[in-house]
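# A closer look at the structure
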Amino acid sequence: MTIDELKKLLGVLMLTGIVKKPEQTDYWSTDELLNTPIFGKTLPRNRFQLLMKFLHFSNNDDIPADNEDKLIKVRPIIDALIPKFGEYYNPHEHVSIDEGMLKWKGRLVFRVYNPMKPIKYGIKSYILADSHSAYCWNMIVYDGTHRTLHEIVFALLEGLVGHFYSLYMDNYYNSVALSEALLRSDTYVVGTLRKNRGEPQEIRDCGTRGHVLQRGDILARDNENCIVIAWQDKRCVKAISSKHSDAMGEVQVRQRGGGRERLRKPELVIDYNANMNGVDCVDQMLSYYPTVRKTIKWTKKLSLYMVELSIHNSHIIFNEKQAQGDKMTLCEFQMSLIRPLISVAPPPNSSDSMEKSLFYSVMCDETTDISVTKELIVYTRYLSGGKSVTRFLEVRELPDGCAETIFQSLLKMEEEFDFDFKNKLAAYDQENCRYKMDVTGQGGDSREKVYS
């Protein structure tokens, strides 16, 4: 397998998440009702199946005889991606921890059953996500190794403790002892609470026979570090917080048949309901354009799941760096990644075309370090309908990271993409090379290269 074939394989897998068909072989079907020529033009069916059959992410010959790591066959991709999730993004104030499930019903020693999840059988991951953007900041793939809840939570929070984040967790994780430990580490906790997790006896008895509260009543106890409440809604809700009091607030709740009703709830519960959905949003976004296909190898499924998470996170980072009119939907963003992988140029669009723009700019940035990777990510920005539009062009390979090489690559792009650099290029900007043109009409065809 060559690097070019690997890129095409990844592009085809990503495209199958957008172009959905009943069976994998249908993507290469010649039936007029199913025919999608781009798949056959990119990779023949037999070659695709052969590449998928032998796709590995670690060398089996390098696995030691005394290996105890159950994830060793996917460890390279896990170790390569998860640290990058936290490196390239700073979460907002509110973060949440929950379990993510990758569906798997085959034989697997660390397969789990969780009746509370929509996917009940599968590979479980502990995920820490941003409650505001649904960015997956950190995760731990469960491999059957025993870890205490305290160890799991602090491992997921590595790098965030001490910065006064607000952490939202359900009753699987929460306890009075854990809340106090996190508070000592300058991290607030909000969440529901199970029985016998260090709560006072009065709270523990609420909801049992002889200790039923009236609907809307609240019982609260605190120890100066955290507060534990029992609030009677349709059932008795028990929760814990190290940042709230027992104050009540009002919310509007939709009623069956239409209309809204104003209800009083503890501010702790209102805050929890608003910020506990980070991981659920991650699962929701991954479900829209899944690259994971049915396979008998759990390693391939888990690895493609990691790729999906990378695409999801990249989409969030991209949109947060764009102006409001330049943001992309997840589908548009994924298509912009697929095109350079399978070497397909963006189609012309009469309402959104560079040709109609008076001028445009070209922007480049290295993937990590241009002196190591020799690759540039190339974007263009132009005007369409009075708005600035940003479009991804390609990942461009270079022989070295010199400014002159980058400049010569720009001139080659002029021919490949049929750009009118002479009359329309306003600016080319990259960290070590700038290329500018006077488009005011006063300076003629003056150009300058500035190297640093």
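Residues numbered from 1 in each chain as written. Predicted model: local features only at pLDDT ≥ 70, side-chain atom pairs only at ≥ 80, totals over all residues. Heavy atoms only, no water.

Moving on, we come to the packing of helix H4 (residues 75-87) against helix H10 (residues 298-320). Between H4 and H10, whose axes approach to 11 Å, the crossing angle comes to 20°. With respect to each other, H4 and H10 are oriented roughly parallel. The chirality of how H4 crosses H10 is left-handed. Of H10, the residues touching H4 (which contributes Ile77, Leu81, Ile82 and Phe85) are Ser303, Met306, Val307, Leu309, Ser310 and Asn313. Looking at the contact of H4 with H10, its residues break down into 7 nonpolar, 3 polar and no charged. (Axes fitted to C-alpha atoms, helices over the stretch in contact; angles between N-to-C directions. Helix = DSSP H or I, 4+ residues; strand = E, 2+ residues; numbered from the N terminus. Parallel < 35°, antiparallel > 145°, perpendicular 65-115°, else oblique. Left-handed = near helix turned anticlockwise from the far one by under 90°. Contact = heavy atoms within 4.5 Å. Nonpolar A, V, L, I, M, F, W, Y, C, P; charged D, E, K, R; others polar.)

Attention now moves to the nonpolar core. Taken as a class, soluble globular proteins show a tendency for nonpolar side chains to be buried jointly. By size, the foremost hydrophobic cluster in this structure holds 69 residues, and its most contacted members are Met139, Val153, Met169, Trp298, Tyr305 and Leu309. Sorting elements by how many residues they give to this core places H10 first, with 10 residues. The residues touching Met169, leaving out its near neighbours within four places in the chain, are Ile97, Val153, Asn174, Leu178, Leu182, Val189, Val190, Gly191, Thr192, Tyr272 and Met276. Counting residues in each nonpolar core, the second largest holds 12 residues, with Val190, Trp231, Ala239 and Val269 among its members. (Core = buried A, V, L, I, M, F, W, Y, C linked by side-chain atoms within 4.5 Å. Buried < 20%, exposed > 50% of the residue type's maximum accessible area, 1.4 Å probe, protein only.)

In this section: the pattern of salt bridges. Applying the stated criterion across every chain, the model contains 12 salt bridges. Here Asp4 ties to Lys8 by a salt bridge, and the two come within 3.5 Å at their closest N and O atoms. Residue Asp4 and its partner Lys8 are both found in helix H1 (residues 3-18); the two are separated by 4 residues, about one turn of the helix. The class for Asp4 is partly exposed, based on a relative accessible area of 40%. With its nearest N and O atoms 3.0 Å apart, the salt bridge here joins Arg75 to Asp69. (Salt bridge = Lys/Arg side-chain N within 4 Å of Asp/Glu carboxyl O.)

One non-glycine residue with positive phi stands out, namely Asp186, at about 60°. In this structure, Asp186 sits in the loop between helix H6 (176-184) and strand S6 (188-192). With phi around 75°, Glu224 is a residue other than glycine that occupies positive phi space. Within the secondary structure, Glu224 is located in the loop between strand S7 (218-222) and strand S8 (227-232).

The next point concerns the pairing of strand S11 (residues 260-266). The pairing of strand S10 (residues 248-254) with S11 spans 7 bridges and is antiparallel. Bridge pairing links Gln252 to Arg262 in S11. (Pairing = 2+ DSSP bridges.)

Looking now at the pairing of strand S9 (residues 236-241). Burial of S9 is extensive: 6 of the 6 residues sit out of reach of the surface. Covered by surrounding structure in S9 are Cys236, Lys238 and Ile240 together with Val237, Ala239 and Ser241, the residues of both alternating faces. Here S6 runs beside S9; their pairing, made up of 3 bridges, is antiparallel. Following the sheet pairing, Gly191 is matched in S9 by Ile240. Examined bridge by bridge, S8 and S9 share 6 bridges and lie antiparallel to one another.

Turning to the packing of helix H5 (residues 149-156) against H6, a few remarks are in order. Across the interface, H5 lies against H6 with an axial gap of 11 Å and an inter-helix angle of 30°. Here H5 is positioned roughly parallel relative to H6, judged by the angle of their axes. The hand of the H5/H6 crossing is right-handed. Only Leu178, Ala181 and Leu182 of H6 make contact with H5, whose side of the interface consists of His150, Val153 and Phe154. A class-by-class count of the residues in the contact of H5 with H6 yields 5 nonpolar, 1 polar and no charged.

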